[in-house]
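Structural features, examined
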Amino acid sequence: GDPPPRCPECAARPITFLEFLPMYHWETLTPSQALVALASAPDEVRAAVQGMSEEQMLQKPDPEAASVHSLVFHIAFDQELLAERIEKMLTQPYPQLEGVAAWADAEDEQIPVQQLLERYQRSREETVRRLMHISYEDWQRSGWHNEFGRVTILQQVCYFARHERGHLPQIEEA
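All values reported here derive from a predicted model rather than from experimental measurement. (Residues numbered from 1 in each chain as written. Predicted model: local features only at pLDDT ≥ 70, side-chain atom pairs only at ≥ 80, totals over all residues. Heavy atoms only, no water.)

**Considering the sheet that holds strand β2 (residues 142–145)**
- Taking strand neighbours across the sheet as the criterion, the three strands line up as β1-β2-β3 in an open arrangement whose pairing is mixed. Because the sheet does not close on itself, it has two edges, and the strands there are β1 (96–97) and β3 (149–152).
- As defined by bridge partners, β1 adjoins β2 across two bridges and the pair is classed as parallel. Directly across from Gln 96, in β2, lies its bridge partner Trp 144. (Pairing = 2+ DSSP bridges. Helix = DSSP H or I, 4+ residues; strand = E, 2+ residues; numbered from the N terminus.)

Here it is as structure tokens:
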């Protein structure tokens, strides 16, 4: 909404207010930092589920929470979405990027977590290889996201790298 005429804490005027993006995930890293974040994520996800049985990973810690299996599915699905978006932005002028709900349903529970992790790792490795060979200008190529507007490859990479890290505490808690 509209900012107040003065900050209720310090009486600062609106012109001095700092806008915070609705999600810190959009703040960008350098391309090399982004590549390191992407490349290291599968190992962090594997470490988070290490020692858990498939049965344990299907259990929900509480009725409102996602199971570890659903979270891993979500992360693997998001990686494939990222790869698709990067390819579109590298090969098409200003492509449309649709928002997608990436949560598992009952059918997805048939895919073992190990298989999901392998799919995730393979896709991520291909994505990192693809990105290692693009120019700095290509990191700024963009598309139009139906929820967020103009987004660049770098913003998408940073968003997804941070987003999946945001699910690690949920996995560890479960």
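Here the narrative resumes, following the displayed structure.
**Regarding the confidence of the model for the protein chain**
- Counting all residues, the mean pLDDT for the protein chain is 90, and 90% of those residues have values of 70 or more.
- Ranking the helices and strands of the protein chain by mean pLDDT puts helix α4 (residues 113–132) first, with 97, and β3 last, with 92. (pLDDT = per-residue confidence, 0-100.)

**Focus: the nonpolar core**
- Of all hydrophobic cores here, the largest spans 22 residues; its most connected members are Leu 38, Ile 86, Leu 131, Trp 139, Ile 153 and Val 157.
- Broken down by secondary-structure element, the contributors of at least two residues to this core are α1 (31–49), α3 (68–91), α4 and α6 (153–173).
- No other element matches α6, which puts seven residues into this core.
- In this structure Ile 153 touches Ile 86, Met 89, Leu 90, Leu 131, Asp 138, Trp 139 and Arg 141, once residues within four positions along its chain are discounted.
- Grouped together as the second largest cluster of nonpolar side chains are 17 residues, Val 68, Leu 71, Val 72 and Leu 168 included. (Core = buried A, V, L, I, M, F, W, Y, C linked by side-chain atoms within 4.5 Å. Buried < 20%, exposed > 50% of the residue type's maximum accessible area, 1.4 Å probe, protein only. Contact = heavy atoms within 4.5 Å.)

**Structural notes on the pattern of salt bridges**
- Counted by the stated rule, this structure contains four salt bridges.
- We note a salt bridge from Glu 87 to Arg 130, for which the minimum N-O separation is 3.0 Å. Note that Glu 87 is positioned in helix α3 and Arg 130 in helix α4, a separation of 43 residues in sequence.
- On the basis of relative accessibility, which here comes to 35%, the residue Arg 130 falls in the partly exposed class. (Salt bridge = Lys/Arg side-chain N within 4 Å of Asp/Glu carboxyl O.)

**Some remarks on the packing of α3 against α4**
- Between α3 and α4, whose axes approach to 9 Å, the crossing angle comes to 25 degrees. Classified by the angle between their axes, α3 and α4 sit roughly parallel to one another. Read as a crossing pair, α3 and α4 show a hand that is left-handed. When α3 is examined against α4, the residues His 69, Val 72, Phe 73, Ile 75, Ala 76, Gln 79, Glu 80, Ala 83, Ile 86, Glu 87, Leu 90 and Thr 91 are found in contact with a partner set consisting of Val 113, Leu 116, Leu 117, Arg 119, Tyr 120, Ser 123, Arg 124, Thr 127, Arg 130 and Leu 131.
- Class assignment of the residues belonging to the contact of α3 with α4 gives a composition of twelve nonpolar, five polar and five charged. (Axes fitted to C-alpha atoms, helices over the stretch in contact; angles between N-to-C directions. Parallel < 35°, antiparallel > 145°, perpendicular 65-115°, else oblique. Left-handed = near helix turned anticlockwise from the far one by under 90°. Nonpolar A, V, L, I, M, F, W, Y, C, P; charged D, E, K, R; others polar.)

**Re the state of the cysteines**
- Inspection of the entire model under this criterion finds zero disulfides.
- The structure places no disulfide on Cys 7, whose sulfur is separated from the nearest cysteine sulfur, that of Cys 10, by 3.7 Å. (Disulfide = S-S within 2.5 Å.)

**Overview of the pairing of β2**
- Both β2 and β3 contribute to a ladder of four bridges, which runs antiparallel. The residue bridging Gly 143 from the neighbouring strand is Val 151, located in β3.
- Joining the antiparallel neighbours β2 and β3 is a turn of three residues.

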